[in-house]
Amino acid sequence: MTFDLRNAINAISDVVQNRPPPLREFDQIYMKVADMVIQAEYVARVFNGKDIVFVGDGDGIALSAAHLKAQDVIEYGPNSITLLDFDERIVQSVERFGEKLSDKVRISAHLYNVADPLPEIHFGAYDGFHINPPWGASNGGESVTAFYERGSQATKAQSLGIVVIADDPELPWTQQVLRDTQTRAIQLGYVVAEMQPQLHLYHLDDNPDLRSCSCLFRRVDPACMEKTSEPLEQSRLRNFYGRGSPLRVKYVRQTVTLNTDRESDRLYSLEPIEVTNG
Ligand SMILES: C[S@@+](CC[C@H](N)C(=O)[O-])C[C@H]1O[C@@H](n2cnc3c(N)ncnc32)[C@H](O)[C@@H]1O
């Protein structure tokens, strides 16, 4: 693997400039730029010529992989990328940037909450998935397995999945979530094909040294594939984004301002999940 580092960082810098401000309450914590270069190149290499889906991607790894290819920094990359995310600001910013890359990589983005069943159109549709979910420190890894299951449901029998989650041998919860994620993956018919430990750092003020790994899963037993996609059970929504922070919001909505001279002072609003009684 060789590429021009300056061109690569400048390409990723375009993507970083396009990202909306991260919302810490939903575990949007952005990856540092050098680590984005490494992850995006890896994604482009693993998914060369493939149609892939990202379930959540505030970091912008999807656009980064596509932009590296579109800018001829690397010669490989996915054919198409679909993003599913519950944040309209991210969906719209990816669509806007993606239009400029459409000659080289087809990019589309859709509003979707992992609490909901996967829409029919995405079920079994892709060659591979990528997730960097809420890391599950306070929910026994349920937020990770929820994202994993949606990625798995969205992919074909012969498929790969890249999972980016916390990895620090000094922090037992990260190792337990890693183990539980691998256990769930095995139940769904996958094996670990590659593991890059403690690879990335984040803009995380209260824990700047916390790293994530990149774990590549390969499906080897299609008989274990789920046949349907169901809503997440209520019990799995608890502590989704940390202790006392359940999954209650359906979509983060972009605020539309009619005043074209000035930015809106509130750039987003929250649309709650409807609670059905009885
Ligand atoms: C949870 S963050 C994890 C940290 C990652 N470094 C980031 O900031 O993107 C990953 C992505 O998942 C999205 N996300 C969070 N909760 C979601 C949900 N319930 N359904 C779908 N996407 C969700 C976020 O908007 C974000 O883009």
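Look up a bit, the structure's there.
Every value quoted in this text rests on a predicted model; they were computed, and no experiment measured them.

**What to know about the environment of alanine 8**
Note that alanine 8 resides in helix 1 (residues 5-18). Note on alanine 8: 23 C-beta atoms within 10 Å, which makes it buried. Sequence separation of alanine 8 and tyrosine 112 is 104 residues, and the distance between their C-alpha atoms is 30 Å. Ignoring any residue separated from it by four or fewer positions in sequence, one finds alanine 8 in contact with Phe3, Val37, Leu68 and Val73.

**Observations regarding the packing of helix 1 against helix 2 (residues 33-46)**
At their nearest, the axes of helix 1 and helix 2 sit 10 Å apart, and the two run at 105 degrees to each other. With respect to their mutual orientation, helix 1 and helix 2 come out roughly perpendicular. Across the interface between the two elements, Ala8, Ile9, Ile12 and Val16 of helix 1 pack against Val33, Met36, Val37 and Ala40 of helix 2. Residue classes in the contact of helix 1 with helix 2 are distributed as eight nonpolar, no polar and no charged.

**Topic: the sheet that holds strand 4 (residues 126-131)**
The sheet built from seven strands is open, its strands ordered 3-2-1-4-5-7-6 with mixed pairing. The sheet terminates laterally at strand 3 (106-111) and strand 6 (190-200), the two strands that pair on one side only. Strand-to-strand twist of the sheet, defined as the mean angle between neighbouring strand axes without regard to direction, takes the value 15 degrees. The pairing of strand 2 (residues 80-85) with strand 3 spans six bridges and is classified as parallel. Paired with serine 80 across the bridge in strand 3 is arginine 106.

What counts and how
Residues numbered from 1 in each chain as written. Predicted model: local features only at pLDDT ≥ 70, side-chain atom pairs only at ≥ 80, totals over all residues. Helix = DSSP H or I, 4+ residues; strand = E, 2+ residues; numbered from the N terminus. Buried ≥ 20, exposed ≤ 12 C-beta atoms within 10 Å, placed from the backbone. Contact = placed C-beta atoms within 7 Å. Axes fitted to C-alpha atoms, helices over the stretch in contact; angles between N-to-C directions. Parallel < 35°, antiparallel > 145°, perpendicular 65-115°, else oblique. Nonpolar A, V, L, I, M, F, W, Y, C, P; charged D, E, K, R; others polar. Pairing = 2+ DSSP bridges.

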